[in-house]
Amino acid sequence: MLFGDEHVRRYEETNGEVGHDWEKGAPILILTTTGRKSGQERKFALIYQEHEGAYVIVASKGGAPQHPGWYLNLQANPEVKVQVKADKFTAKARTATGAERETLWAKMAKVWPDYDYDEYQKKTDREIPVVVLERA
């Protein structure tokens, strides 16, 4: 099972041949943000789903009380890089709200049933952000 930097490295080396299909078949993309403090590129392997030509990710951090660093980075600078298998592109990130968020939340909960996003939400007082990555 791949995690963290090793997951990113293997995914990039193989254009997603290793690392795209993760635990229980959950699909993984690589998100590259710009560090809000350092200004350096930061890479993350994240579960995703496609939706209407965009990619959707969830800033769950396992239900922790604070947002993950990658989410704070994209709030400061929503222009990101994305890799889905061999497809590499620039995207603009935005946080879904209202009915769109509810629809996307339900879709994401189905792709990660063993670690249910609804259970993560119960662990925290923050509303877990659902992020849409749209090609720039």
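Here goes a summary of the coordinates provided. (Residues numbered from 1 in each chain as written. Predicted model: local features only at pLDDT ≥ 70, side-chain atom pairs only at ≥ 80, totals over all residues. Heavy atoms only, no water.)

1. A word on the overall build of the chain
Alright, step 1. A count of helical and extended segments in the chain gives four helices and seven strands.
Alright, step 2. Seen in sequence order, the chain has helices and strands lined up from the N terminus as α-β-β-β-β-α-β-β-α-α-β.
Alright, step 3. Relative to its length of 136 residues, the chain is compact, with a C-alpha radius of gyration of 14 Å against a globular reference of 14 Å.
Alright, step 4. Principal-axis analysis of the C-alpha atoms gives the chain an extent of 35 × 35 × 30 Å.
Alright, step 5. Considering only contacts within the chain whose residues lie at least 6 apart along the sequence, 61% involve residues at least 24 apart. (Helix = DSSP H or I, 4+ residues; strand = E, 2+ residues; numbered from the N terminus. Rg over C-alpha atoms; globule rule 2.2 N^0.38 Å. Contact = heavy atoms within 4.5 Å.)

2. Here's the deal with helix H3 (residues 98-111)
Alright, step 1. Compared with an ideal rise of 1.5 Å per residue, which puts 14 residues at 20 Å, H3 spans 21 Å between its outermost C-alpha atoms and is within 8% of the ideal.
Alright, step 2. What H3 keeps buried is the set Arg-101, Leu-104, Trp-105, Met-108, Ala-109 and Val-111. Projected down its long axis, H3 shows its buried positions confined to an angular sector of 145°, all on one face. Relative to its buried face, H3 has exposed residues pointing more than 90 degrees away, namely Ala-99 and Lys-110.
Alright, step 3. Residues of H3 that are buried sit in contact with strand S2 (41-47), strand S3 (49-51), strand S4 (54-58), helix H4 (117-123) and strand S7 (130-135). (Expected span 1.5 Å × (residues − 1). Buried < 20%, exposed > 50% of the residue type's maximum accessible area, 1.4 Å probe, protein only. Arc of directions from axis to C-beta.)

None of this, on its own, says anything about what the molecule does.
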